[in-house]
Amino acid sequence: MVIRDADDGDAVRLWRSLGFRVLATVPEAFDHAEHGPVGLHVMFLDLRVPR
């Protein structure tokens, strides 16, 4: 899972609430139409772990 705008707190909170965790943040990796270069999060969910 990749969230293209790491500054999108609502999206990050949603995915974290579903069990995803941030593996890495890549600064200025995505050129957002309104905000210019923004970071992205690489997120992970281990499906082997029962929820």
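The structure this text deals with has already been given above.
Worth saying up front: this structure is predicted, and the values here are computed from it rather than measured.

**Q** Before we move on, can you summarise unusual backbone geometry with the specific residues and values?
**A** Notably, Glu28 is not glycine yet its phi reads approximately 50°, a positive angle. Along the chain, Glu28 turns up in strand β2 (residues 21-32).

**Q** Explain the pattern of salt bridges residue by residue, including any values.
**A** Evaluated as defined, the whole model comprises 2 salt bridges. Between Asp10 and Arg13 there is a salt bridge; the shortest N-O distance is 2.6 Å. Taken together, the residues span about one helical turn, with Asp10 and Arg13 both in helix α1 (residues 9-17) at a distance of 3 residues. Of the residues examined, Asp10 reaches a relative accessible area of 56% and is grouped as exposed. By relative accessible area, which is 54% here, Arg13 ends up exposed. Residues Arg48 and Asp46 are paired through a salt bridge, measuring 3.0 Å at the closest nitrogen-oxygen approach.

Thresholds applied
- Residues numbered from 1 in each chain as written.
- Predicted model: local features only at pLDDT ≥ 70, side-chain atom pairs only at ≥ 80, totals over all residues.
- Heavy atoms only, no water.
- Helix = DSSP H or I, 4+ residues; strand = E, 2+ residues; numbered from the N terminus.
- Salt bridge = Lys/Arg side-chain N within 4 Å of Asp/Glu carboxyl O.
- Buried < 20%, exposed > 50% of the residue type's maximum accessible area, 1.4 Å probe, protein only.

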